[in-house]
Amino acid sequence: KEKVEITKEQRTLMKVIVDAYSTHQIPQDVAKKLLQEQYSADENFLLLTEMATSQVQVLVEFTKNIPGFLSLDREDQIALLKGSAVEAMFLRSAQVFSRKMPSGQTEVLEERIRKSGISEEFIIPMFNFYKSIVSLHMVQEEQALLTTITILTPDRPYVKDQQAVERIQETMLELLRKLCVLQRPQEPQYFARLLGRLTELRTLSHYHAEMLTSWRTNDHKFTPLLCEIWDVQ
Ligand SMILES: O=C(Nc1ccccc1F)[C@H](C1CCCCC1)n1c(-c2ccc(Cl)cc2)nc2cc(F)c(F)cc21
């Protein structure tokens, strides 16, 4: 039986990542807003573009706290941010959706999102992904590390020094692997299941531009930052 233990430096690394992850969150809670009232497709589109724009800003702040990220080549840092922003947003959305809520509220939230203006064809894959995240019952350490691992994907477009990214990602993968073994001794496959979600996440993120341009709204207005990150307009 493998004796797994977290080293002192791994504990420090995890604290840095989890603190940064919980600090750099969007101030206003979109789930609360959606539960408070029903918005029109136009209002929902505006809310989405606002949320997605501020999500990119908090993502940039979060990555500054990933040990080693700032010592990467500057252009590679940008390539990693650009390449992971959409996935980070869907992962964040899934984590928001998987939060424990008073009974019945998750169903209301799901209904509001289904009716938000997003076109039918994307609702199934999106909620399949969200529900697969819900079923993992991730703790915040796992959520923070999974987002960090997503950001540190070496084979994003235009990354020059992939080895340098791989080295940092491997540190995070090893830490997550240990956490999963310690957290779920009865589920030896749990770590593999977590990483499997990243494949689903990448597939869902392929549709992101279409999801926005097919939104049921008369005016698809995007912020300059979203045009940059979301390959729209
Ligand atoms: O705000 C959003 N996501 C989000 C962005 C940044 C940080 C945190 C976030 F939750 C949007 C809203 C926007 C307003 C209309 C309804 C969907 N959102 C999505 C989502 C994201 C992108 C596309 Cl193309 C389609 C849906 N899935 C959600 C699941 C949830 F549980 C949730 F609370 C909000 C969610």
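Basis of the calculations
- Residues numbered from 1 in each chain as written.
- Predicted model: local features only at pLDDT ≥ 70, side-chain atom pairs only at ≥ 80, totals over all residues.
- Heavy atoms only, no water.
- Helix = DSSP H or I, 4+ residues; strand = E, 2+ residues; numbered from the N terminus.
- Rg over C-alpha atoms; globule rule 2.2 N^0.38 Å.
- Buried < 20%, exposed > 50% of the residue type's maximum accessible area, 1.4 Å probe, protein only.
- Contact = heavy atoms within 4.5 Å.
- Areas by Shrake-Rupley, 256 points an atom, 1.4 Å probe, with all protein chains shown as cover.
- Lys, Arg positive; Asp, Glu negative; His and termini not counted.
- Charge placed at Lys NZ, Arg CZ, Asp CG, Glu CD.
- 1 Å grid on protein atoms, 1.4 Å probe; cavity = no way out; pocket = protein on both sides within 12 Å on 5 of 7 lines; lining within 4 Å.
- Points joined across faces, edges and corners; volume = space filled by probe spheres on them.
- Nonpolar A, V, L, I, M, F, W, Y, C, P; charged D, E, K, R; others polar.
- Patch = residues over 30% accessible without salt bridge, like charges linked within 9 Å, V, L, I, M, F, W, Y side chains within 5 Å.
- Salt bridge = Lys/Arg side-chain N within 4 Å of Asp/Glu carboxyl O.

> Can you break down the overall build of the protein chain residue by residue, with the values?
Along the backbone of the protein chain there are 11 helices and 0 strands. Along the protein chain, from the amino end to the carboxyl end, the secondary structure elements read α-α-α-α-α-α-α-α-α-α-α. Relative to its length of 233 residues, the protein chain is compact, with a C-alpha radius of gyration of 18 Å against a globular reference of 17 Å. Considered along the principal axes of its C-alpha atoms, the protein chain spans approximately 55 × 45 × 30 Å. Sorting the 233 residues of the protein chain into buried and exposed places 49% on the buried side. Counting contacts in the protein chain only where the partners sit at least 6 residues apart, residues at least 24 apart contribute 77% of the total. Entry remark: accessible area of the protein chain is about 12,100 Å², with carbon and sulfur atoms responsible for 55%. Distance between charge centroids for the protein chain: 6 Å, based on 28 positive and 32 negative side chains.

> Give a description of empty space enclosed by the protein that names residues and reports values.
Scanning the entire structure with this criterion turns up 2 cavities of 30 Å³ or more. The calculated volume of the largest cavity comes to roughly 80 Å³. If you trace the largest cavity, you find it lined by Tyr21, His24, Gln25, Gln55, Val58, Leu59, Phe62, Ala88, Arg92 and Thr147. Of all the secondary structure elements, the ones that give two or more residues to the lining of the largest cavity are α3 (41-64) and α4 (74-97). Among the elements that line the lining of the largest cavity, the one with the most residues is α3, at 4 residues. The residue inventory of the lining of the largest cavity, partitioned by class, reads 5 nonpolar, 4 polar and 1 charged. Approximately 50 Å³ is the volume found for the second largest cavity. Looking at the second largest cavity, the residues that line it are Leu34, Glu37, Gln38, Tyr39, Asn44, Arg112, Lys115 and Ser116.

> Describe a negative patch on the surface, with residues and values.
The grouping of Glu37, Asp42, Glu43 and Asp219 at the surface amounts to a negative patch. Given the relative accessible area of 37%, Asp42 is considered partly exposed.

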